Amino acid sequence: MWSYFKFEFKQFFTNKKNVAIYFLLAFATFFYVFKIAPTYNPIERVDYDEIEARYLTRQEFLDHMEGQDLNNVHPSVIYAIEIFKEINPIDKGRLDALDEGNFKKYADLTSDWYYFTNSITYRNEVFSYNSKYFIKNNKYAEDDAFYAYLEQAVRYDAYSKADYELSLEIFEQRTALQTFERLLKGVLPIILIVCVLLLSIDIVKKDQRHPSILKGFPISDWKKLLVKMFVALLGSMVLFVPLIVGVFIIGLQSGFGNFNLPSPVYAAHLDWRVDGKFEMMTLGTFLGQSFILLFTWFIVMINVVLLCSIIFRNEMVNFAVGLLLIFGENFYSSRYVGYFWDVQNYPTSYIQVGQIISKRRNFYYMNDQLDFTLGLQLLLGLAGVIIFLMILIALNRRYKLIK
Amino acid sequence: MLEVQNITVQFGGNKVLNDISMTFEQGEMIGLVAPNGTGKSTFMNVLMNYVKPMKGKVVFKDGLSYSNKSNEVKIHQFVSMMPDQSDLYNHLSGREHLKMFATMWQSDIKLIDETIEALNMGHYVNKKTGTYSLGMRQRLCFAMQIVSNTEIMMMDEVMNGLDPNNVEIISKILVKKKEEGKIIIIASHLLDNLEKYADRIYLFNNGKLVNTNQVIEGFSQSHIKTIRVKNMEGNTIKQLLELFPNLELQTLTNGMTLIHLPSSEASLLSSLTSFLVERNVVDFAFGKVTLNDLYSMYYHEDSIGDSQLKKNNHFNYED
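(A) Looking closely at the sheet that holds strand β10 (residues 226–230) of chain B. Residue and element names in this part refer to chain B. The strand order across the open sheet formed by 4 strands is β11-β12-β10-β13, and the pairing between neighbours is antiparallel. Edge strands, defined here as strands with exactly one partner in the open sheet, are β11 (248–251) and β13 (284–287). With direction set aside, neighbouring strand axes in the sheet form an average angle of 20°. Running at roughly 165° to β11, helix α9 (residues 234–243) makes contact with β11 and β12 (256–260) of the sheet.

What follows is the structure, encoded as structure tokens:
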């Protein structure tokens, strides 16, 4: 079995298609690291000028209104004065904190700022969230901003209690580990799972080109399949090599961050007016759980390819089935659909790995049940069933892995 | 030991192997001869369990047969078939192929260098096989099986694309392997070579394996039984039969006329030599029917009009 493993391992890593995939991923990583990451422009920035501009405008208004008779003014003016009087001391404190370089104080005040701002802005026709949320005809922009503000509030609250050194890069999530976190909540898991699909797509079919060499190997078909699975898994792990290099380079540019940084988790059960809407998770836990879920996806994808390979013996079928699994969520994915359907029971609902761990997906679907543990159970269960079927077929006396 | 028991393989309505039973012993080299598409490869594929017979089974040492997948793995540990040169990995070197087979069968790694040396592969074995000529690939495939060092080795067209020197080198290695006690089963069209080294040779006919000794009695023995005359004219043949009415003659499609002798008495041989020389027939040889002749007789019966040959193993001359 060890000999066969060495043989398959070598085949896998000398396969031109696989080398090309690694190369393309490395290229994409470096493009991201050198071109995209430095120009990252978060909506929620630490923008001294903007804070100052808003502060001064509001202060000017407050100064102007100071001592005036407010009996005959429009109610909105009174409302504005009340609000501005609440928020301006916070913004003044934030500006002072930035001037002093006191990031803890800035974080503490900014957390308050987000809580307060959110409470007055959400579903309020007078105030509006940052205009950058209102793009691409997003009907749910206000909800997204609501989510983002509360998340920021929790983040800054955690920063205010931090026992590590803070920086603007940390606040804007530009450090290497935070960049990785952002990517995991975006398209990175799908890119990686597609890569795994492409890496493993021909792992059985390639043998058809060398039947007389391979058919007589003294190793049973089911063991061959397990070895192939293991090799493909190892190959999938190699996908992280360019990513780690990329993270390292970003670390040199913007700092590495650390595993104790906050990574808020959406908590549907909390009342946002009282407790906020997020619980805290460390970045280390987030990355760990994301890796576990991603790894489980790799196992599922590889085994789906193996099962399809032994049944259909056609790479295009493998590709189609793999894509169906990866993008299957799009057939039912819709905002808040989880309130009506049990989307938590579909393995395809767990493809957005980072959003599952942070439970952003729960917010998207309006479903409390989507959960790392449930996702893990479903995917491992699916993998188990697929492996069982695969071995059952391979053990059949009439079945030949290589014809 | 390898025992084939009542093997029948049918593709559509065509029985490629028809109730074949035979036993091969350790230290035997078996030759399989037949035109293309008559069942040689199928027979080997059955021995490897690549093709499931409709009936019968193959039994190896300790009563092992392909009754389950576990047995198949056990059997493949001591039975191997030479790979096809078109299946080589073009991006791997010859040495990598050899290592692959040696490690897969956990044979002595020293065999790799020994085989490379024996087959004069040293100058190309480290290059990628995509750059090899047909003969180089063929030698590599043979070497791969040699380094697997299994007790039973099967080779389909092992000598394909090889020059006479390499044919001889490979033949000697095969003899050595045979002497080590291995069962070697070879399908080949290099009939002279096969005749020289194989202990038993089988012809395929209508799904049956026919021993050459059954076709011609004492085929494998070295007696003067035949005079082989090249391009003998009809007139001469007529005169010969008139003078020697006890002789049996047969003209093959390759232009060879076989004069089958009732005995190898010196006087008869002398008279026949004089007869042929007097008529300016000088291209003849005393000996026995060669495998080439037999092949020609056996598989080109229609052209020589001898349909009785396969039925009763008896030769009749037809003018």
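(B) Broad picture of the domain arrangement of chain A. Residue and element names in this part refer to chain A. Assigned domains within chain A: domain 1 (2–40 + 176–395) and domain 2 (48–171). Relative placement of domain 1 and domain 2: their C-alpha centres are 38 Å apart. Contacts between the two partners involve 22 residues from domain 1, matched on the other side by 18 residues from domain 2. Both sides of the domain 1 and domain 2 interface together cover about 1,800 Å² of buried area, and 67% of this is carbon and sulfur. Taken as a group, Trp272, Phe278 and Arg335 account for 33% of the area that domain 1 buries against domain 2, more than any other trio of residues on that side. Taken together, domain 1 and domain 2 are joined by 3 salt bridges. Across the salt bridge formed by Glu181 and Arg155, the nearest N and O atoms sit 3.4 Å from each other.

(C) Structural detail: the interface of chain B and chain A. Contacts between the two partners involve 28 residues from chain B, matched on the other side by 27 residues from chain A. The largest per-residue losses of area from chain B upon contact with chain A belong to Lys69, Tyr89 and Met104 of chain B, which jointly make up 31% of the total buried on that side. The interface formed by chain B and chain A contains 3 salt bridges. One salt bridge in this structure joins Lys400 of chain A and Glu72 of chain B, with 3.5 Å as the shortest N-O distance. Where chain B meets chain A, there are 11 residue pairs in polar contact (both at pLDDT 80 or more). No other element matches the 6 residues that helix α3 (residues 94–104) of chain B contributes to the side of chain B that touches chain A. Here the residues of the side of chain B that touches chain A are counted per class, giving 13 nonpolar, 9 polar and 6 charged.

(D) Local environment of the confidence of the model for chain B. All names here are of chain B. Per-residue confidence for chain B averages 82 on the pLDDT scale, and 90% of its residues sit at or above 70. Within chain B, no element has a lower average pLDDT than helix α13 (residues 309–312), which sits at 37, and none a higher one than α3, at 93. In this model residues 302–319 is a low-confidence stretch, pLDDT under 50, and it forms 38 contacts with partners more than four residues away in sequence or in other chains.

(E) Local environment of the packing of α3 of chain B against helix α4 (residues 110–118) of chain B. Residues and elements named next belong to chain B. Following both chains from N to C, one finds α3 and α4 inclined at 135°, their axes separated by 10 Å at the closest point. As the angle between them shows, α3 and α4 are arranged oblique. Taken as a pair, α3 and α4 cross one another with a handedness that is right-handed. Listed contacts from α4 to Arg95, Leu98, Lys99 and Ala102 of α3 are Ile112, Asp113 and Ile116. Taken together, the residues that form the contact of α3 with α4 break down as 4 nonpolar, no polar and 3 charged.

The rules we used
Residues numbered from 1 in each chain as written. Chains lettered and ligands numbered in written order. Predicted model: local features only at pLDDT ≥ 70, side-chain atom pairs only at ≥ 80, totals over all residues. Heavy atoms only, no water. Pairing = 2+ DSSP bridges. Helix = DSSP H or I, 4+ residues; strand = E, 2+ residues; numbered from the N terminus. Axes fitted to C-alpha atoms, helices over the stretch in contact; angles between N-to-C directions. Contact = heavy atoms within 4.5 Å. Domains from an automatic or database assignment. Buried area = accessible area lost by both parts, 1.4 Å probe. Salt bridge = Lys/Arg side-chain N within 4 Å of Asp/Glu carboxyl O. Polar contact = N/O pair within 3.5 Å; in protein donor to acceptor, adjacent residues only side chain to side chain. Nonpolar A, V, L, I, M, F, W, Y, C, P; charged D, E, K, R; others polar. pLDDT = per-residue confidence, 0-100. Parallel < 35°, antiparallel > 145°, perpendicular 65-115°, else oblique. Left-handed = near helix turned anticlockwise from the far one by under 90°.

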